[in-house]
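# Summary of the model geometry
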Amino acid sequence: LDDGVLVLDAERRLIDLNAAAERHTGVAAALVGRPIDEIVPWWSAAGAERGDGPGLPIVVRVDPGERVLEVRVSAVRDRARHFTG
């Protein structure tokens, strides 16, 4: 999978990410457990708080330069359809 995936819990902490997310965003697996706003400064600017919907292109500053990413947010729900992340 070449799409980067970041998984957050209901308290907005990073709980998982795939290798593509590490490559595309520069976020390291060692940061799992930290609040997303601390480790991904462009998170709010990407419209990530608006919930499910179409992706939003955003320029992200990642060493060694910039990238344009399309950010899509999907809710994670348990079997009872309660929001979990």
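Relevant structure appears above.
Residues numbered from 1 in each chain as written. Predicted model: local features only at pLDDT ≥ 70, side-chain atom pairs only at ≥ 80, totals over all residues. Heavy atoms only, no water.

### Some words on the overall build of the chain
What counts, and what does not: The helix count covers DSSP runs of H or I at least four residues long, the strand count covers runs of E at least two residues long, and both are numbered beginning at the N terminus. Using a 1.4 Å probe on the protein chains alone, a residue whose accessible area is under 20% of its type maximum counts as buried, one over 50% counts as exposed, and one in between counts as partly exposed. In this description, accessible areas are obtained by the Shrake-Rupley approach with a 1.4 Å probe, and a residue is regarded as covered only by the protein chains that are shown.
A count of helical and extended segments in the chain gives two helices and four strands. In the chain, the order of α-helices and β-strands from amino to carboxyl end is β-β-α-α-β-β. In the chain, which comprises 85 residues, the proportion classed as buried is 28%. As displayed, the chain offers around 5,700 Å² of accessible surface, 52% of which is attributable to carbon and sulfur atoms.

### A word on the nonpolar core
Filter applied, for reference: Put simply, buried Ala, Val, Leu, Ile, Met, Phe, Trp, Tyr and Cys residues joined by side-chain atoms within 4.5 Å make one nonpolar core.
Ranked by internal contacts, the top residues of the largest apolar core, which has 13 residues, are Leu 14, Val 27, Ile 36, Ile 39, Val 40, Trp 42 and Trp 43. Secondary-structure elements contributing two or more residues to this core are β2 (14-17), α2 (36-39) and β4 (65-71).

### Some details on the pairing of β2
Put simply, the test is: We call two strands paired when DSSP finds no fewer than two bridges between them.
Bridge count for strand β1 (residues 6-8) against β2 is three bridges, and the pairing is antiparallel. In the sheet register, Leu 6 faces β2, and the bridge partner there is Leu 17. The loop that links β1 with its antiparallel partner β2 comprises five residues; one of these, Arg 12, has a positive phi angle of about 70 degrees.

### So, the side chain of Thr 25
Applied cut-off: Two N or O atoms form a polar contact when they lie within 3.5 Å of each other; inside protein one atom must be a possible hydrogen donor and the other a possible acceptor, and for residues adjacent in sequence the pair counts only when both atoms belong to side chains.
You can see Thr 25 is positioned in helix α1 (residues 19-25). Among the polar contacts listed, one links the side chain of Thr 25 to the backbone oxygen of Ala 21, at a separation of 2.5 Å. There is a polar contact of 3.2 Å between the side chain of Thr 25 and the backbone nitrogen of Val 27.

### Digging into the pattern of salt bridges
Side-chain pairs of opposite charge can arise whenever the charged atoms involved come near each other. Note the cut-off: Whenever Lys or Arg places a side-chain nitrogen within 4 Å of a carboxyl oxygen from Asp or Glu, that contact is recorded as a salt bridge.
For the structure shown, the criterion picks out five salt bridges. Between Asp 37 and Arg 12 there is a salt bridge, with its nearest N and O atoms 2.1 Å apart. On the criterion of sequence distance, the pair formed by Asp 37 in helix α2 and Arg 12 in the loop between β1 and β2 is long-range, its members being 25 residues apart. For Arg 12, a relative accessible area of 27% translates into the label partly exposed.

Coordinates in, geometry out; function isn't part of it.
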